[in-house]
Each structure stands twice: as C-alpha cells, then as structure tokens.
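# Working through the structure, step by step
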Amino acid sequence: MIDLHIHTNATPHHAFWEPAALAAAAAERGLSVIAATDHNTTANVRALQAAGAEHGIWVVPGVEIDSTYNGKLWHTLVYGVAPDAPALLALCAEVFTRNAEDAQRLMQELPARGWRLEGLESLGRSPNVADVATALAKQNELPNRQPREGHEEAGMRYILTEMAGAYRPLGVDAVIQVAHKLKGIALLAHPGRSKGIYAIPADASDIAALATVGLDGLEVYYPSHTPQVEQFLLAQAKQHKLLVSGGSDSHHPRQPLAEIPVENVGAFLARLSR
C-alpha cells in the first residue's frame, strides 16, 4: 500500500505530522511507500526519509507547489527531486516571496476599499494571501459569498474575482519546467476536488492543455474523488499517456493515511525508481 500525498509540520501553520510519528503511523498501517509533499517547502523531506528508513518504508521526496494555469488555481506535485536541489529551493522561495508581496499589497488595498482587515499583525509571522483572505471574510459581509463557503474560500473568491492580478502564483508550466530540468515528475494534485474558487475540478480541456505543456500525471486516487471522478481521470490519463498516482492529503494524525494498492500506481513508481 502507498500514500504519496502527505504533509508534515513543515507545511506552515496547518499541518502537524512530525516525521517520526508519521513514519511510525505509516508502518502500522502497512504502507511501503509514502511521500513528503509539504506546501512550497522540502524542509522535512530528509527527516522523513530517515524516519521511514527505520521502518523499511521508501519515502519519496516531493513538494506541493501553489500554481495557476489558464485562469484557474492548481496545486502541482513535484516528485523525485533532491530536496536540497538549488533550482527547487529557488522555486519554493519564489512562491513564498511572491505570496508575501501580494499579501502586503492586499493589506494596503483592501482597507482603502473600505474593508475591515484587523489582527494580521498579531500572527507572529509575515501574513500570506490565504491569511488576508480569511481575515477579510471573517470581518466583512462579502458580495457573492456562496452557501457553506469557508472564510478562506470566500475571501479568495473576492480577491480573485474583484481584484484582478492581486494574487500572482507561478504558472504550472513554470513548475513543470523546473521539475523536468531536475529529472523530476510533475503531477496535478486532486484534479477532481471541489473547494469553491480554490479548487475547481479539472475538465477535459484543462487536462489536455496541461498535458501539452508537459504535465506527467494526475492524482487520481484522492479521498474526495468519487468513483465517477476516478473513472474520468483514469480515462484522461490513458488518453494523454499520463501517469497515475494517489494519496490522502493528510495534514495531521486525525486525517487517516491512504491505503492505495501499489499496482494502481505501478507505472508511476517504476518511473520514480529509474
């Protein structure tokens, strides 16, 4: 069994798996392969690899990069790259820097539009765009807020629809270029997930466009993907000759790890082990 999408406490402020505890939990669950895929950082990859080795678990180096393409937000998973590769570290640093700069501009522009935006200075760190979006939605009645939409999603909806160019993530194509330069593999994370404006499920045209710019695969097996979504993604992967992967997206011990059969992702693992 495998789980190739897990976040450790190196993912800032909302993931809590410590490497040793994660490796032990993976071993107890019977997993033979896992991956560290923190958001925009590889800081805990080496630690998880060391912890995994103690349990006989292959830990694949990975990272999940915030990105965009054709006007939609995507998360791009990069696998098989040394976590200290300078080009990968530079990519992660650019994502962080652009996000922090965008957040600072928003913290000036939103109050100028008459919106309340308080308390961000008490975070004890530099706010990111998601922090600003959450504060915006908590403290204001935003237009076009959708039913059951969380604060972060509602705030991002306003920023993305009412403030064109205010949030500037890297393009998926730029992430793919770095991954391929470093002999890594780039996959689209949770392409069938629906999470407001933050995650609009990929359609056939999205996948075709991303395959054209070099996308290597799709995360087909994911907790919120229905059987129908899985079948659609498997058909798309076959059509575009894309690799297939899967994972839990677990951020802490209360989110169970996946148990995806190795044979479901055999071609992907074979590519990684070259």
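I will try to describe carefully the structure that is included in this document. Not measured: the values here are computed from a predicted model.

### Concerning the packing of helix α7 (residues 204-212) against helix α8 (residues 227-240)
Where α7 contacts α8, the two axes come as close as 11 Å, and the packing angle between them is 35°. The hand of the α7/α8 crossing is right-handed. Here Ala 204, Ile 207, Ala 208 and Ala 211 of α7 lie close against α8, whose contacting residues are Phe 232, Leu 233, Gln 236 and His 240. In terms of residue class, the contact of α7 with α8 is made up of 6 nonpolar, 2 polar and no charged.

### A closer look at the nonpolar core
Ranked by internal contacts, the top residues of the largest apolar core, which has 47 residues, are Leu 4, Tyr 79, Leu 218 and Phe 268. With 5 residues, the single largest contributor to this core is helix α6 (residues 172-181). Apart from the residues within four sequence positions on either side, Leu 4 is in contact with Val 33, Ile 34, Ala 35, Thr 37, Val 60, Tyr 79, Ser 245, Gly 246, Gly 247, Phe 268 and Leu 269. Of all hydrophobic cores here, the second largest spans 22 residues; its members include Ala 103, Val 129, Ala 137 and Tyr 158.

### Description of helix α2 (residues 45-54)
Inspection of α2 places Val 45, Leu 48, Ala 51 and Gly 52 among the buried residues, and these make up the whole buried set. Seen along its axis, α2 keeps its buried residues to an arc of 130°; they face one direction. What points out from α2, more than 90 degrees from its buried face, is the exposed set Ala 53 and Glu 54. Where α2 is buried, its residues contact α1 (19-28), β2 (33-36) and β3 (58-69). Phi turns positive one or two residues past the end of α2, at Gly 56, with a value near 70°.

### Some remarks on unusual backbone geometry
Positive phi, normally seen in glycine, also occurs at Asn 40, with a value near 60°. For Lys 241, which is not a glycine, the phi torsion comes out positive at approximately 55°. Mapping Lys 241 onto the fold places it in the loop between α8 and β8 (243-246). Classification of Lys 241 by relative accessible area gives exposed; the value is 75%.

### Considerations on the environment of Trp 58
Its location among the elements puts Trp 58 in strand β3. With 56 residues separating them along the chain, Trp 58 and Ile 2 place their C-alpha atoms 9.5 Å apart. Beyond its immediate stretch of four places on either side in the chain, Trp 58 contacts Ser 32, Val 33, Ile 34, Leu 269, Leu 272 and Ser 273.

### Some thoughts on the pattern of salt bridges
Scanning the entire structure with this criterion turns up 12 salt bridges. Between Glu 101 and Arg 168 there is a salt bridge, with the nearest N and O atoms lying 3.5 Å from each other. With a gap of 67 residues between them, Glu 101 in helix α3 (residues 86-112) and Arg 168 in the loop between α5 (151-162) and β5 (170-171) connect regions that are remote in the sequence. Accessibility expressed as a relative area gives 28% for Arg 168, which makes it partly exposed. What emerges from the salt-bridge pattern is a single network uniting Glu 101, Asp 102, Arg 105 and Arg 168.

### A word on the side chain of Asn 99
In this fold, Asn 99 is placed in helix α3. Excluding residues that lie within four positions of it along the chain, Asn 99 makes contacts with Asn 128, Val 129 and Tyr 167.

### Observations regarding the pairing of strand β1 (residues 2-6)
Within a regular strand, the side chains alternate between the two sheet faces. Burial within β1 is extensive, with 5 of its 5 residues counted as buried. In terms of strand pairing, β1 meets β2 through 3 bridges, oriented parallel. When the sheet's bridge partners are listed, Ile 2 is paired in β2 with Val 33. On the question of chirality, the crossover connecting β1 to the parallel β2 by way of α1 is right-handed.

### What to know about α7
Buried within α7 we find Asp 206, Ile 207 and Leu 210. Angular distribution of buried residues about the axis of α7 spans 95°; they occupy a single face of the element. Where α7 is buried, its residues meet β3, β4 (72-79), α6, β6 (185-188), β7 (217-221) and α8. In the stretch just after α7, Gly 214 is the one whose phi turns positive, near 110°.

Definitions and limits used
Residues numbered from 1 in each chain as written. Predicted model: local features only at pLDDT ≥ 70, side-chain atom pairs only at ≥ 80, totals over all residues. Heavy atoms only, no water. Axes fitted to C-alpha atoms, helices over the stretch in contact; angles between N-to-C directions. Helix = DSSP H or I, 4+ residues; strand = E, 2+ residues; numbered from the N terminus. Left-handed = near helix turned anticlockwise from the far one by under 90°. Contact = heavy atoms within 4.5 Å. Nonpolar A, V, L, I, M, F, W, Y, C, P; charged D, E, K, R; others polar. Core = buried A, V, L, I, M, F, W, Y, C linked by side-chain atoms within 4.5 Å. Buried < 20%, exposed > 50% of the residue type's maximum accessible area, 1.4 Å probe, protein only. Arc of directions from axis to C-beta. Salt bridge = Lys/Arg side-chain N within 4 Å of Asp/Glu carboxyl O. Pairing = 2+ DSSP bridges. Right-handed = clockwise from strand over helix to strand, strands pointing away.

These results come straight from atomic positions and should not be treated as a statement about function.
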